[in-house]
Structure formats: C-alpha cells, structure tokens
Amino acid sequence: MKFLRDLMDKQKPLFQKGGKLENLYYLFEAGETFLFSPNHTTGIKGAQVKDAIDLKRMMITVVIAMIPCLLFGMYNTGHQHLLATGGTTGLWENFGEKLGTGALLVLPIVLVAYAAGGLVEAIFAVVRKHPINEGFLVTGMLIPLVVPATTPLWQVALATVFAVVIAKEVFGGTGMNVLNVAMTARAFLYFAYPAQISGDQVWTYLGDAAAVDGFSGATALSVAYTAGVEGTQTVVQALAAHNSVLGADLFSFTNMFIGWIPGSIGETSTLMALVGALILVATGVASWKIIVSGFAGAYIMGTVMNLFAVNEYMAMPPQYHWVMGGLAFGIVFMATDPVSAAQTETGKWIYGLLIGFLTVIIRVTNPAYPEGIMLAVLFMNVFAPLIDYYVVKANKTRRLQRATV
Amino acid sequence: MYLLDLGRFSKAHSSKTDMSKIVKLKKGFDIKLVGKANQELADFAPAQTFAIKPTDFIGLQRPKVLVNEGDTVKAGTPIMFDKAMDQVIYASPVSGEVVEIKRGEKRKLLEIKILADQTVSHEDLGKADLASLDREALVAKIASSGVWPNIIQRPYGIVANPADTPKAIFISGFDTHPLAPDYGFALQGEEKYFQAGIDALAKMTTGKVHLNVDGSTSTPAVFANVKNAEINKFSGPHPAGNVGVQIHHIDPINKGEIAWTISPYGVVQIGKLLLEGVYDSSKLVALTGSELTKAAYIKTYTGACVSTFVKGNLNSGHVRVVSGNVLTGEKISLDGFIGFYHSQITVIPEGDYYEFLGWALPSKRLSFHRALGLLSFLNPNKEHVMDSNARGEERAFVQTGVFESVTPMDILPVYLLKAIMAEDFDEMEELGIYEIVEEDLALCEFVDVSKHPVQQMVRKGIELIQYS
C-alpha cells in the first residue's frame, strides 16, 4: 500500500491548485479517497473525535443489501429463459447455464448503468467543482435491478444519464434531490420507450430460441388485472391456470414470494428483498418505519378493496399484493432512500403507509399501469416535504404553546 | 439497529416527587474512551504560567486590558473587562507578574499570560454576610470579583449580564462528556462553599435554583444535603448531564426569557468569595486520555499551562492536547493553557494519517452506527482509543433520524441546522434555537455521516439571532 500511497502523493501536485490538471482535481480526489481514507483531522474547536462512519461506508452497505436481489435476478433470468424455451423445468437443473445466461444479460446492464452514471457524475464534478457523490454507488446498482433483462443497453445508458442529470445534478447532487434517482430512470424508460418495458413480451429473454407452444410472458400483475376485467374466475384461480405450459405452479403464492416469476431483474423475489431489508434495518441504514408501514399500507388498502370489491382484482387476498410485482423491492430499496423520503420520524410512518395505499390503488384501478409502486414512490417523493412540513409545524406549535401557557 | 433500540425513540419519562423532578432520558450516546482519570492527586510540578484567553468568553465584544506587561498582580486583581458590559471584571486567577499580552491579527487579544508566584496571594475583596447584602450589592460584589464570568446566560450561552434577573438558575451536578471529571471527587470537602454559593444564587433569581444530579448513582456528598435549591435527578446516556438538556425538561426557555447556568466549580468560587473574601480559582483538573501515562487529577488554578502535566507524561509522540473533553473541547499546544470553563484536559493521538480502503474494511473503531463493518456495537462497554482523524469528508445531509436519536429534547436538529444554513430567522426561533448551545448538539457532530461542523453552525445561528 505504501507504493500506492507514494504514487498518489507524487501525482497530487498535478491536480492541486496551480497544477497542470487542476481542473480534474475532484476526479483525482474521488480516486484518492476511494483508495485511502483522507488524513484530515478534526477542527480546533468542537468535536475532536469522529464516529467511524462515513457516507461511502453507508452507501456500500446499501449496495451489499442489494446483492441477494442481483444474484437471484441473474439466476432467475436464466431460469425464465430456459423455462420459456422448453429447456428445463426443475429449479436447480442446468444451474450453471442459467446463471451464465443471466449473468451475460444482467452484468452488461450493471456495467452500462455505472459507466453512464459515473461519466455524468464526473463531468458535473469537474464542471461544477464539487466532490463526486457517493450516492451513485447505490443508483448505479438500483437502475439495473428495476428494468427487464431484455432492455437495450442504450436505453439503460440514456435513462441513467437522464435520471442523474434531471433528478439529481440539477438540484445540486446527492442530498439535494427531490425524486428517487433510480425510480426516475425507470419512469423515464416507461414513458419514453413503453414498448421495451411493458406488455407481455419483454420480461422473459428468449434470445434466438423459439418459445414453447402456449407460452405467454405475462407478469402476475397483468394476469391479475385481466382476471379482474374478465371476471370469469378469481384472481387466484387465474394465476394458477395461467401459463400451465411452464409448470402448474408458476404463479403460486410461494413461487411469487421466492421470485421464480418473470419481471424486472431484481424485483421478482420478495424473499430476497426481505433479506436486503434485514441487512438495511439491522445496520440502521434504512428506516424500518418506512418498510413496515409500506407493507402495512398495501395490506390495509388490499383489505379495504376486498370490502368494497366490485371485480375479482379488488377481491384478491391482500397478501398477494406483497408478492406480486416490485412492491417489496420498491419499498425496501426505493421508498427508504433517506434523501427523497420523509425525514421526520412521524413523517416516515405516514409516508410509508401512503406508498402502500397508492401502490394498490394504482394497481387495481388504473388500466394503463399494471405496476403501481413506481408511481407511488415518485408521487410520495414529491409529497414527502409536505408531510414533513406538518410534522415540523407540530413541533413548532408545541414550542409556541409552551411559551404562552 | 432501530429494532433493538426502540426505547431510544420513546419520550423521556419524567415524574414529579414533591417539586423536584426525576427525568429518565433514553436518547443519547456515551463515548467510552481509554484514559479515565484515577481518583487520586498526581504530583506533577505545579504550572508556572497561567493565561486568561478572551476567546474563551463567548460574546465578549470589546475586551479592554487593565494591566501592562511587567505589572504584578494578585489573584483577584482586575486584568480585563468588556467595554460592552463594563460591570463584569475578568481577574487574574493567580498572583505574579504579567509576562505577555499576546495579540493576533488586527490586534485581536489572544492571551494575557501571568507568571505565577510560588505561593499565591489574594486580593482582599472583603467577606460578606449574605443576609446583610441586598440583591444589587450581591450582584455588584460578584461582578467585580472575577468570579462572575462563571455565570452563563441562556439563550446564547454567553457571560450573563448583571443587569438581568433570570427566571431560574440551573446547575448540572454531573458531567456525562467523555472522560469528564467526577464532581464527587473534584469537589470533595467544598460543601460549605457550595452551599454558600447556592444561597447567593438563590438571591439573584426570582425563580428557583435547580441543582440537577445524576439519578443513576448515589449523590456525592457535596450535593447531598444542599438546601435552598430544587434537586432534580437525571439519568441516561450523554447528554443527560448537559445543563441545556436539563433546562429543556425542567423549565424550557422561550423567546424573551432568560435563565442562567453555572458549573459547580463556579458555585464554589462564589461561596469562597463570600465566606473568605477572595477570588480563589483553585480547582482539581482531570488529566485524561489514552496518551497520558498517568491519568489523574491535579490541583491547580484556572487557566493553567498544561506543559508540566503533559510533557514527560506522554506514552506516545504524536498527540493532540485538548482543553476540555473530546466532544466540545479545544485543541491546544503542549504549552497551551486550559480554558476558563474547562476542568479537564484530554490527550489523544493525532489522526493525520491515510488509511487504505478505510471506508470499506471492517473496523473496531467506535461508532454509533452499525453500517457494514462497524462492529463496536457488539461490545458496548469497551473503552476505545480514538484519534483526531475526521473519518471522511463533508457532504450534504443524507441520512435522517440519527441526529434525533442522540438529542433527548423535543427539537428537530436537522431542520434547525438547515434553518441556520438558510439564515432563516423565524424558522430558527420557531425550531428552538433559544434552547441550545453548541454542546447540546455536539453528539450530532460526532455521529454525522456527512461530517458537518454542527457546533460551529449552531454558534453561527445563535450569533445571527443575538445580533439581529
């Protein structure tokens, strides 16, 4: 390490004020602080010692929490591919082939997201003269996990650039943004290129192979929505009957919970999202209040729908909302983004609850968007400051009342 | 982490017995460090030089020096006053010769150094019978003695104005800062003076004198039988011992109100002034920190030079000497002087080193957090060696909820700090700027992922309000 350190110290003057490459200082600084925690010391007055945490460590914790979803997503991508092309039906058969197929599809998306986003970060850091934001460590991983494995790489790059610039940098970078950056990327793709991120054809990678006879690539959400419209059988029956060529239990509750279903790369597995949630909550990086209230909100709204059911989708058992689509992933990784979420402790309960409510309402009542979590999170991102405003106001009122008593 | 620590978010419990309060606080964090002072007196050579540092007195506006280099002074001889509040005298803590009046840029007054006599002699300020003094005479006596700057006004945390009458006076009877001195030991035998000080303070307020003691241990002798004051009990992690936190739970400060605070050391000095007729600034100072070979108490006077206690008492070469504690203290040199309000020095390793992948590798370092690789929570009673490394760079606010969990007050620190950054006066007022000083949010500065200079920001906000 001495060698690396010496190298850094030798190059440093080049990038410092007056050096040839002083414009690129923040690039150098990013690399240097990535390799070596800086030698800065605390100030003369005030806290003389500091907690061992820093933002890099916090962000990398989130990335690690996403790894179960990523690995499962890769394997499931390969699994769905083989299922659809008639290669296999057993979960653990052809393990290597599935993982390999998935990795070949997923890793390029991850690389492109990191590269495109990293480039934008670097350009902004150099032009705006601010340090490179660690927040991108998380965004670069989140974006690949919320798109289908079949998304063209150029779309991934474009969406990432759009989201980093419009959702984050124009506000001043990590910590200043209003919307969750990764959700913005997904929303961009959704509205700009709907053909590649909606419908029944995009969720399963077929490649050159032909799909087996009778194959439908529909997701559980669209099956449920169709069942609601047709009204000839309950949603649970429709799910069970659907796509029997891929095995009778494709959309069984257990299968959906574990995640052996078509969908975006990282979103299918509720189980893996919960593993991630466990990591985030145990490390204190994400708010358990948002996660708990998010799931509770979806369940409550699902139950309310049951009570006033006028179609089969409304009558669906509320726990199905937990395992279908990206609700779990969205609540665990997107809703808990500390910058775009509510920031007061009371506000977090309300914020999470409303995300759960909205997701189910959008899913069940909106014909255009089968998935509700994306818009629910973005919508509540916008409303989070309002929630906080009232929580803060209550604090001020308490103080004011105390003074006049 | 929150699941295991639900209690941290619950409201503080307080109950009334008679009139005194018992307050149990849950939020906060104890920074446990290596190098607690043993309860014994160390026999280092006595300090030879002493200094009054005008920069110690927050809110001091136009200091005017009353002595010249070469003058001889006694303990209690006036050496400085503030032209903005000229009744208050800043006096020499020891007898001896004024050897240097040190000025910095723009002739800013930095230090008035006094070379002390072998035995300290005192100005005779006259004993006083409290019963025969009216409030005005009492205030005038204390203000002119050198003892007065011990009395701090809230809001703002500045030297109190003798012209004001506070709604109450608060004394914290225990210090929960890292490695803080144990008042039971440091003030033993001072019972008589402490009581006399309390009696004087009781005369200066229209309200009560609140003495807040540690509810988790037995009350030390010096406080146990105090009369003429409300004794409240506080327990919980740091900052339970901060007087600002205590005020918040007993009788919070609203806009337009004034309360005074004073440390027990200051109370004893008032008592000595009245009973002995002298400004006696002698006190036991705790020598603490992992880098000291001998961590113990030393008997000295306010403003002592630390060199005789520190040089020769170090077990490593590259250290930082802190006047006060590591949360709120001030870095001084090996020949520096202990601050007026400090009764502790802490010596820690200097942290100016690089660390390879320091942000990613597992760390045994102390952390309030539990993010990846931060394992100190597994061993909560371990005493740590902490150095002065800043552990990262300043960033925008990202994490939420953490400041709240180390602030046992109904205050929203992040919103308050953002109001200060925006210089939004109404917002600062409404969010409670009158209730805090730097030390009350010092833990926020410690735990902050984004490494903001929180205490500096708090002072900036207070000054904006104070001088608006």
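Everything numeric in this text was worked out from a predicted model, so none of it was measured. (Residues numbered from 1 in each chain as written. Chains lettered and ligands numbered in written order. Predicted model: local features only at pLDDT ≥ 70, side-chain atom pairs only at ≥ 80, totals over all residues. Heavy atoms only, no water.)

J.: Would you explain the overall build of chain B in this entry?
T.: From N to C terminus, chain B includes twelve helices and 21 strands. Radius of gyration (C-alpha) of chain B: 22 Å, near the 23 Å computed for a compact globule of 468 residues. Projected onto its principal axes, the C-alpha positions of chain B cover 60 × 50 × 45 Å. Within the span of chain B, comprising 468 residues, buried residues form 61% of the whole. (Helix = DSSP H or I, 4+ residues; strand = E, 2+ residues; numbered from the N terminus. Rg over C-alpha atoms; globule rule 2.2 N^0.38 Å. Buried < 20%, exposed > 50% of the residue type's maximum accessible area, 1.4 Å probe, protein only.)

J.: I would appreciate a short explanation of empty space enclosed by the protein in the present structure.
T.: A water-sized probe rolled over the atoms picks out the places where empty space is left. Residues and elements named next belong to chain A. On inspection of all chains with the given rule, the structure shows eight cavities of 30 Å³ or more. If you add up the space inside the largest cavity, you get close to 300 Å³. Along the wall of the largest cavity there are 24 residues; nearest its centre are M59, G135, V138, D337 and P338. Among the elements of the structure, α3 (55-84), α5 (135-145), α7 (181-192) and α14 (327-335) are those that each provide at least two residues to the lining of the largest cavity. Each of two domains, domain 1 (55-194) and domain 2 (221-260 + 269-393), supplies a minimum of three residues to the lining of the largest cavity. (1 Å grid on protein atoms, 1.4 Å probe; cavity = no way out; pocket = protein on both sides within 12 Å on 5 of 7 lines; lining within 4 Å. Points joined across faces, edges and corners; volume = space filled by probe spheres on them. Domains from an automatic or database assignment.)

J.: I would appreciate a short explanation of the pattern of salt bridges in the present structure.
T.: Pairing is possible between side chains that carry opposite charge, provided their charged atoms lie close to one another. Considering all chains together, one arrives at 34 salt bridges over all chains under this definition. Taking the shortest distance from any N to any O, the salt bridge between K56(A) and E393(B) comes out at 3.5 Å. Residue K56(A) is located in helix α3, and its partner E393(B) is located in the loop between β21 (355-356) and α8 (402-405); the two belong to separate chains. Relative accessible area serves as the criterion here: at 8%, K56(A) is assigned to the buried category. A residue is classified by how much of its surface remains accessible, and E393(B), at 12% relative accessible area, is buried. (Salt bridge = Lys/Arg side-chain N within 4 Å of Asp/Glu carboxyl O.)

J.: Explain the domain arrangement of chain B to me, please; I cannot follow it from the model alone.
T.: Interface size is commonly expressed as the accessible area that is lost once the parts come together. For chain B, the domain assignment lists domain 1 (3-30 + 129-276), domain 2 (49-126) and domain 3 (390-468). Look at where the C-alpha atoms of domain 2 of chain B and domain 3 of chain B centre, and you get two points 33 Å apart.

J.: Looking at this model, I keep getting lost on the UniProt feature "transmembrane region" (unreviewed entry) in chain A. Mind explaining?
T.: All names here are of chain A. Cross-referencing UniProt, the feature "transmembrane region" (unreviewed entry) maps to residues 58-75, 102-124, 136-167, 257-281, 288-308, 320-337, 349-366 and 372-392 in the present numbering. The span residues 136-167 is 78% helical and 0% strand by assignment, and the distance between its end C-alpha atoms comes to 12 Å. Helix makes up 72% of residues 320-337 and strand 0%, whereas the separation of the span's terminal C-alpha atoms amounts to 25 Å. (UniProt positions renumbered as here; feature names shortened; annotations may be inferred.)

J.: I keep staring at the pairing of strand β7 (residues 85-91) of chain B and nothing clicks. Help me out?
T.: Consecutive side chains of a regular strand alternate in pointing toward one face of the sheet and then the other. Residue and element names in this part refer to chain B. Counted residue by residue, β7 has five buried out of seven residues, so it is predominantly covered. Two strands pair when backbone bridges link them, and strand β6 (residues 78-82) and β7 are joined in this way by four bridges, in the antiparallel orientation. Looking at the pairing, D82 lines up with M85 of β7. Between β6 and β7, which pair antiparallel and follow one another directly, the connecting turn spans two residues. (Pairing = 2+ DSSP bridges.)

J.: What am I meant to see in the sheet that holds strand β8 (residues 96-103) of chain B here?
T.: Residue and element names in this part refer to chain B. If you trace the four strands from one edge of the open sheet to the other, you get β3-β9-β8-β5, paired in antiparallel fashion. Both edges of this open sheet fall to β3 (49-52) and β5 (72-73), since each of them pairs with a single strand only. Note: β3 against strand β9 (residues 109-116), four bridges, orientation antiparallel. For T49, the partnering residue across the bridge sits in β9 and is L115.

J.: What's the story with the packing of helix α9 (residues 413-421) of chain B against helix α12 (residues 454-466) of chain B in this structure? I'm lost.
T.: Two measures define how a pair of helices packs: the angle their axes make with one another and the distance between the axes. All names here are of chain B. Where α9 meets α12, the closest approach of the two axes is 9 Å, and the angle between their N-to-C directions is 60°. Between α9 and α12, the interaxial angle falls into the category oblique. Once α9 is placed against α12, the crossing between them reads as left-handed. Along its contact with α9, which presents L417, I420 and M421, the element α12 presents V454, M457, V458, K460, G461 and L464. (Axes fitted to C-alpha atoms, helices over the stretch in contact; angles between N-to-C directions. Parallel < 35°, antiparallel > 145°, perpendicular 65-115°, else oblique. Left-handed = near helix turned anticlockwise from the far one by under 90°. Contact = heavy atoms within 4.5 Å.)

J.: Would you mind going over the domain arrangement of chain A with me for this structure?
T.: Residues and elements named next belong to chain A. Domains assigned within chain A are domain 1 (55-194) and domain 2 (221-260 + 269-393). Measuring from the centre of the C-alpha atoms in domain 1 to the corresponding centre in domain 2 gives 21 Å. Across the boundary between the two partners, domain 1 contributes 33 residues, which contact 31 residues of domain 2. Interface of domain 1 and domain 2: buried area, both sides summed, is about 2,700 Å²; carbon and sulfur atoms make up 81% of it. (Buried area = accessible area lost by both parts, 1.4 Å probe.)

J.: Is there a simple way to think about the sheet that holds strand β20 (residues 344-349) of chain B in this case?
T.: All names here are of chain B. A sheet is described by the order of its strands in space; here five strands give the open sequence β17-β16-β20-β18-β19, paired in mixed fashion. A single partner strand is all that each edge strand has here, and the edge strands are β17 (297-301) and β19 (330-332). Neighbouring strand axes in the sheet, compared pairwise and without regard to direction, differ in orientation by 35° on average.

J.: Mind showing me how you'd approach a nonpolar patch on the surface here?
T.: Residues and elements named next belong to chain A. Where nonpolar side chains cluster on the molecular surface, the patch consists of F162, I166, V170, F171, M176, V178, F379, V382, F383, L386, Y389 and Y390 and spans about 1,100 Å² of accessible area. Looking at which element gives the most residues to the nonpolar patch, the answer is helix α16 (residues 373-404), with six residues. Examined against the element boundaries, F383 turns out to sit in helix α16. (Patch = residues over 30% accessible without salt bridge, like charges linked within 9 Å, V, L, I, M, F, W, Y side chains within 5 Å. Areas by Shrake-Rupley, 256 points an atom, 1.4 Å probe, with all protein chains shown as cover.)

J.: When you look at the interface of chain B and chain A in this model, what are you seeing that I'm missing?
T.: Counting residues at the interface gives 76 residues for chain B, matched by 65 residues for chain A. For the pairing of chain B and chain A, the buried interface totals around 6,300 Å² over both sides, and the portion due to carbon and sulfur atoms is 57%. In this assembly, chain B and chain A are joined by seven salt bridges. Scanning the region where chain B abuts chain A turns up 43 residue pairs in polar contact (both at pLDDT 80 or more). Grouping the constituent residues of the side of chain B that touches chain A by class yields 36 nonpolar, 20 polar and 20 charged. Across two bridges, the pairing between strand β1 (residues 36-37) of chain A and β21(B) is antiparallel. Across the sheet, the residue bridging to S37(A) is E355(B), located in β21(B). (Polar contact = N/O pair within 3.5 Å; in protein donor to acceptor, adjacent residues only side chain to side chain. Nonpolar A, V, L, I, M, F, W, Y, C, P; charged D, E, K, R; others polar.)

J.: When you look at the packing of aromatic side chains in this model, what are you seeing that I'm missing?
T.: Two aromatic rings are characterised by how far apart their centres lie and by the angle between their planes. One pass over the structure, following the stated rule, counts 37 aromatic pairs over all chains. Here W154(A) and Y193(A) contribute two aromatic rings whose centre-to-centre distance is 5.1 Å and whose plane-to-plane angle is 85°, an arrangement assigned as edge-to-face. With a gap of 39 residues between them, W154(A) in helix α6 (residues 153-168) and Y193(A) in the loop between α7 and α8 (220-230) connect regions that are remote in the sequence. The class for Y193(A) is partly exposed, based on a relative accessible area of 22%. Put simply, the rings of F72(A), Y75(A), W92(A), F95(A) and W260(A) touch in pairs and so form one group of aromatic residues. Across the ring face of F36(A), the terminal group of R5(A) is positioned such that the distance to the ring centre comes to 4.8 Å. Lying across the ring of Y265(B), K283(B) places its NZ or CZ 5.4 Å from the centre. (Phe/Tyr/Trp six-rings, centres within 6.5 Å; stacked < 30°, edge-to-face > 60°. Lys NZ or Arg CZ within 6 Å of the ring centre and 35° of its normal.)

J.: Is there a simple way to think about the UniProt feature "modified residue: FMN phosphoryl threonine" (unreviewed entry) in chain A in this case?
T.: Residue and element names in this part refer to chain A. The UniProt feature table records "modified residue: FMN phosphoryl threonine" (unreviewed entry) at T219. T219 sits in the buried class, given a relative accessible area of 12%. With residues up to four places along the chain from it excluded, the contact list for T219 reads W203, F251 and P262.

J.: Is there a simple way to explain the nonpolar core in this structure?
T.: For soluble globular proteins, the rule of thumb is that nonpolar side chains tend to be buried together. Counting residues in each nonpolar core, the largest one holds 110 residues, and the members touching the most others are L239(A), M256(A), M324(A), F333(A), Y351(A) and I355(A). Here this core gets 14 residues from one element, more than from any other, and that element is α3(A). When we break this core down by domain, the ones giving at least three residues each are domain 1 (55-194) and domain 2 (221-260 + 269-393) of chain A. Grouped together as the second largest cluster of nonpolar side chains are 81 residues, F185(B), I198(B), V226(B) and I345(B) included. (Core = buried A, V, L, I, M, F, W, Y, C linked by side-chain atoms within 4.5 Å.)

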